[in-house]
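One-letter residues, chain by chain:
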Amino acid sequence: FRGHAGVGPAAAGTALVARDNFSARYDLDRVKGVFSRPSHELHGESYVGRVLVLNIAKGGVATAWMLHEMKSRDMAPAALLLNAANPIIAQGAAFAGIALIDRFEVDITDAIRTGDEVRADPATGAVTVRR
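Presented here is an overview of the structure given in this document. Predicted model only: the values in this text are computed from it and were never measured.

Reading guide: rules and limits
- Residues numbered from 1 in each chain as written.
- Predicted model: local features only at pLDDT ≥ 70, side-chain atom pairs only at ≥ 80, totals over all residues.
- Heavy atoms only, no water.
- Helix = DSSP H or I, 4+ residues; strand = E, 2+ residues; numbered from the N terminus.
- Rg over C-alpha atoms; globule rule 2.2 N^0.38 Å.
- Contact = heavy atoms within 4.5 Å.
- Areas by Shrake-Rupley, 256 points an atom, 1.4 Å probe, with all protein chains shown as cover.
- Core = buried A, V, L, I, M, F, W, Y, C linked by side-chain atoms within 4.5 Å.
- Buried < 20%, exposed > 50% of the residue type's maximum accessible area, 1.4 Å probe, protein only.
- Axes fitted to C-alpha atoms, helices over the stretch in contact; angles between N-to-C directions.
- Parallel < 35°, antiparallel > 145°, perpendicular 65-115°, else oblique.
- Left-handed = near helix turned anticlockwise from the far one by under 90°.
- Nonpolar A, V, L, I, M, F, W, Y, C, P; charged D, E, K, R; others polar.
- Salt bridge = Lys/Arg side-chain N within 4 Å of Asp/Glu carboxyl O.

1. Considerations on the overall build of the chain
Check the secondary structure of the chain and you find 4 helices and 9 strands. Starting at the N terminus, the α and β elements of the chain follow one another as β-β-α-β-β-β-α-β-α-β-α-β-β. Relative to the compact-globule value of 14 Å for 131 residues, the chain shows a C-alpha radius of gyration of 13 Å, a close match. Each principal axis of the C-alpha atoms in the chain carries an extent, and together these give about 30 × 25 × 25 Å. Restricting to contacts in the chain with at least 6 residues of sequence separation, those with at least 24 account for 67%. Surface summary for the chain: the accessible area is close to 6000 Å², and the carbon and sulfur share equals 53%.

2. Some thoughts on the nonpolar core
Of all hydrophobic cores here, the largest spans 21 residues; its most connected members are Phe-22, Phe-35, Leu-52, Leu-54, Leu-67, Leu-80 and Ile-89. Elements represented by at least two residues in this core include exactly strand E5 (51–56), helix H2 (62–72), strand E6 (79–84) and helix H3 (87–96). Ranked by the residues each element gives to this core, the list is headed by H3, at 3 residues. Counting 17 residues, the second-largest nonpolar core is a separate cluster that includes Ala-11, Val-53, Leu-81 and Phe-104.

3. Observations concerning the packing of H2 against H3
A pair of packed helices is characterised by two quantities: the angle between their axes and the separation of those axes. At a closest axis distance of 8 Å, the pairing of H2 and H3 adopts a crossing angle of 25 degrees. With respect to H3, the axis of H2 lies roughly parallel. Two packed elements cross with a definite hand, and for H2 against H3 that hand is right-handed. Between H2 and H3, the residues in contact are Thr-63, Ala-64, Trp-65, Leu-67, His-68 and Lys-71 and Ile-88, Ile-89, Gln-91, Gly-92, Ala-93, Phe-95 and Ala-96, respectively. Of the residues in the contact of H2 with H3, the class split is 8 nonpolar, 4 polar and 1 charged.

4. A word on the pattern of salt bridges
For the structure on display, the rule yields 7 salt bridges. The partner of Arg-37 in a salt bridge is Asp-20, with the nearest N and O atoms 3.8 Å apart. With Arg-37 in the loop between strand E4 (34–35) and E5 and Asp-20 in the loop between strand E2 (11–17) and helix H1 (24–27), the pair connects residues that are 17 residues apart, well separated along the chain. Residue classification places Asp-20 among the buried residues on the basis of a relative accessible area of 15%. Among the salt bridges present, the one from Arg-30 reaches Glu-69, with a minimum N-O distance of 3.1 Å. In this pair, Arg-30 is assigned in the loop between strand E3 (28–29) and E4 and Glu-69 in helix H2, connecting sequence segments 39 residues apart. With a relative accessible area of 22%, Glu-69 lands in the partly exposed category. Residues joined in a network through salt bridges with shared partners are Asp-20, Asp-27 and Arg-37.

So this is what it looks like as structure tokens:
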């Protein structure tokens with residue numbers, strides 16, 4: 001799949017997919033490493049080391065420091081693949097050194113399934129999937 005060129009290093013991991021939106025501040029327990037918002041489709045699932053495939057980024061400036069703090073403790077996702085990012089999450093991913101790609105030619109939440117092995121190359125916007 002091809003998206004808009006993103007930020008961060010190339011990354012690979014097992015996909016965790018939901019059609020839900022994403023806020024690092026309000027959806028994640030950064031200490032336990034799980035989705036913590038009860039109404040989120042991925043509530044209770046571990047995000048650590050996973051390639052998160054979600055719909056739209058939401059939230060504010062706390063995203064940048066939260067992603068950086070999680071990465072510094074090896075408690076961050078491997079990559080973020082979003083249908084639509086916002087400048088705040090792009091800044092946070094760049095600050096943390098987490099791969100981020102968005103604006104795919106398809107709905108990425110339909111194209112990838114939880115459990116797929118995914119490799120993301122933000123420099124080219126390319127995502128490869130192995131089922």
